[in-house]
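Structural description and commentary
Listed below are the residues making up each chain.
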Amino acid sequence: MGAVYGNYLRNYKNKLHYKTLMAEGRFTNPVVASLAGVKDFFAKQELASRFSDEDRADGMTVLITGANSGLGFALAVEFAKRGARVIMAGRSKIPEAGNQVKKLSGSELVEMHYMDLSKIETIHHLVQSLADQATQIDICILNAATALPGSRKTTSGQDEMFLVNYLSNVILTQELLLKSVIKLETSPVSKMIFISSDSHQGATYIDYDEFGTYFEYGVSKGISNYSYFKLVLNTYATELSRRINRDGVKLSINVICPGPVASNIVKEAPWLLRMTLKGIFRIVFKSPAKASRPVVYLALSPDYEGTSNEYLHMFNPKKMDPKVYEPVEGEKLWERSMELLKSIDADFKAFVS
Ligand SMILES: NC(=O)c1ccc[n+]([C@@H]2O[C@H](COP(=O)([O-])OP(=O)(O)OC[C@H]3O[C@@H](n4cnc5c(N)ncnc54)[C@H](OP(=O)(O)O)[C@@H]3O)[C@@H](O)[C@H]2O)c1
């Protein structure tokens, strides 16, 4: 009886703890979040007429994470069609997705590499093998993300969504720079594009006290954390640009929300919720091919050549949440992320400090 009561008290305290301390994203209800996507579907597309089939990627090497499915897959097809060597990084459908991209694009310059962002060592392994082949990435698209219905602890001790949607992107970008797989040059300027979500707007300030701490949570906190982690990701992208591009743009680092995409992002939601969301997706969300257009535009159009710290919401230039641009926030996030990484990843070294 005493043990049962002890457990109950511990769980209750845990719940109170995360409710009061962990930061919140904009949405607590996945259906409301999807309806916001419906609104986006009908929104104006200011720069859509600037999208052109003439913007080519011949001779370029493009790395896309999460390229086996949804938006990432559509991007792989589009860049391959436009002449790029495409490196698809993912944790599943190897080599089927790569073969499909070859077939759909008519290009043989497509390869697939294994990388599971919830397993830190696989990130090091991918970057090392690219470095060993002296690969030079011209465009890196950080697309992979997951929307889980609740917490899940990874082998390195972090929450899976925190690791996949945020922290792994720090490891990957720092490693690519450290091993010179991406070079910092003023001409031509290489590019990093962070695929984010406009749902980050309105998320609360980053909680540094609880940063990286594992907590149990369920569906409503799941969707809230998804948008919160996008705020964290955007703050990192902004700080990375601030640090690298102090004296002119040496790496173009931009952020984009593709808008609503009829993809597999809700595949792990509970059955009833998944069916409801899939219904909404099918009727009003954009196909991955259509949703990929503003990303291709941002990556290849002369309009964005040599730019950094820009944000597009589909084809609309916008500002991110104001917190993302606060230098103090960027600095704190940088320090906490580096501290955390040093404590969980013996192989981690920061490129820029
Ligand atoms: N769908 C939307 O309405 C929407 C709206 C705004 C922003 N976005 C953003 O768009 C991007 C693409 O999402 P999507 O809609 O195309 O969803 P998706 O079809 O589920 O694609 C997500 C990709 O990320 C990969 N991924 C997930 N966990 C991974 C891990 N541990 N290691 C490596 N790869 C992992 C998935 O691989 P598996 O297939 O193996 O799971 C998949 O390839 C995401 O950044 C998402 O946040 C989507």
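Calculation rules
Residues numbered from 1 in each chain as written. Predicted model: local features only at pLDDT ≥ 70, side-chain atom pairs only at ≥ 80, totals over all residues. Heavy atoms only, no water. Helix = DSSP H or I, 4+ residues; strand = E, 2+ residues; numbered from the N terminus. Rg over C-alpha atoms; globule rule 2.2 N^0.38 Å. Buried < 20%, exposed > 50% of the residue type's maximum accessible area, 1.4 Å probe, protein only. Contact = heavy atoms within 4.5 Å. Areas by Shrake-Rupley, 256 points an atom, 1.4 Å probe, with all protein chains shown as cover. Lys, Arg positive; Asp, Glu negative; His and termini not counted. Charge placed at Lys NZ, Arg CZ, Asp CG, Glu CD. Near = heavy atom within 4 Å. Polar contact = N/O pair within 3.5 Å; in protein donor to acceptor, adjacent residues only side chain to side chain. Disulfide = S-S within 2.5 Å. Expected span 1.5 Å × (residues − 1). Arc of directions from axis to C-beta. Axes fitted to C-alpha atoms, helices over the stretch in contact; angles between N-to-C directions. Parallel < 35°, antiparallel > 145°, perpendicular 65-115°, else oblique. Left-handed = near helix turned anticlockwise from the far one by under 90°. Nonpolar A, V, L, I, M, F, W, Y, C, P; charged D, E, K, R; others polar. pLDDT = per-residue confidence, 0-100. Pairing = 2+ DSSP bridges.

Points about the overall build of the protein
Looking only at helices and strands, the protein features eleven helices and eight strands. For 353 residues, the compact-globule estimate of 2.2 N^0.38 gives 20 Å, and the C-alpha radius of gyration of the protein, at 20 Å, lies within 12% of that figure. Judged by the C-alpha coordinates and their principal axes, the protein covers about 70 × 45 × 40 Å. When burial is assessed residue by residue, the protein has 57% of its 353 residues classed as buried. Partitioning the contacts of the protein with sequence separation of at least 6, the portion at a separation of at least 24 is 79%. Taken as a whole, the protein presents about 15,400 Å² of accessible surface, with 54% of it coming from carbon and sulfur. Separation between the mean location of the 42 positive side-chain charges and that of the 38 negative ones in the protein comes to 6 Å.

Side note on the site of the ligand
By nearness alone, 30 residues border the ligand, and Ser69, Arg91, Ser92, Tyr226 and Ser263 come closest of all. One of the backbone N or O atoms of Leu71 is found 2.8 Å from an oxygen atom in the ligand. Alone, the ligand offers 880 Å² of accessible surface; in the complex the protein occludes 95% of this. Mapped onto the shell around the ligand, the elements with two or more residues apiece are α3 (70–81) and α7 (219–244).

Some details on the state of the cysteines
Enumeration according to the criterion identifies zero disulfides in this entry. Free cysteine: Cys140, not disulfide-bonded; nearest cysteine sulfur from Cys257 at 18 Å. For Cys140, a relative accessible area of 0% translates into the label buried. Take Cys257: its relative accessible area is 5%, and that puts it in the buried class.

Some thoughts on α3
Between its terminal C-alpha atoms α3 stretches 17 Å, which fits the 16 Å expected from twelve residues at 1.5 Å a residue. Summarising burial for α3: eleven of the twelve residues are buried, a large majority. The complete set of buried residues in α3 reads Gly70, Leu71, Gly72, Phe73, Ala74, Leu75, Ala76, Val77, Glu78, Phe79 and Ala80. One or two steps after α3, the chain reaches Gly83, where phi turns positive at roughly 100°.

So, helix α4 (residues 96–105)
Among all positions of α4, only Ala97, Gly98, Val101 and Ser105 are buried. Mapping the buried residues of α4 onto a view down its axis gives an arc of 100°, with all of them on the same face. Taken together, the buried residues of α4 touch α3, β2 (85–90) and β3 (110–114).

Digging into the packing of helix α6 (residues 160–178) against α7
Where α6 meets α7, the axes come as close as 8 Å, and the angle between the chain directions of the two elements is 20°. Between α6 and α7, the interaxial angle falls into the category roughly parallel. With respect to the hand of their crossing, α6 and α7 are arranged in right-handed fashion. From α6, Met161, Phe162, Asn165, Tyr166, Asn169, Val170, Thr173, Gln174 and Leu177 reach across to α7, where they touch Gly222, Asn225, Tyr226, Phe229, Val232, Leu233, Tyr236, Leu240 and Ile244. Class assignment for the residues of the contact of α6 with α7 results in twelve nonpolar, six polar and no charged.

Examining the environment of Ala48
Summarising the element assignment, Ala48 is placed in the loop between α2 (30–41) and β1 (61–65). Judged by its relative accessible area of 30%, Ala48 falls in the partly exposed class. C-alpha separation for the pair Ala48 and Met60, spaced twelve residues apart in sequence, amounts to 24 Å.

Considerations on the confidence of the model for the protein
On average, residues of the protein carry a pLDDT of 91, and 93% of them reach 70 or more. Note that residues 1–21 has pLDDT below 50 and, in this model, ten contacts with residues that lie over four places away or in other chains.

Structural notes on the environment of Asp209
In this structure, Asp209 sits in the loop between β5 (190–195) and α7. Residue classification places Asp209 among the exposed residues on the basis of a relative accessible area of 66%. Considered as a pair, Asp209 and Glu335 are 126 residues apart in the sequence and their alpha carbons are 13 Å apart.

Details of the sheet that holds β1
Strands sit in the order β3-β2-β1-β4-β5-β6-β7-β8 across an open sheet of eight strands; the sheet is mixed. Each edge of the sheet is formed by a strand with only one pairing partner; in this case those strands are β3 and β8 (316–317). Judged from the five bridges that link them, β1 and β2 form a sheet pairing that is parallel. Opposite Thr61, over in β2, you have Arg85 as the bridge partner.

Looking at the side chain of His113
Here His113 is to be found in strand β3. One polar contact links His113 to Glu111, side chain to side chain, over a distance of 3.0 Å. With near-sequence residues (within four places) excluded, His113 lies in contact with Ile87, Met88, Ala89, Gly90, Ile94, Leu126, Ser129, Leu130 and Gln133.

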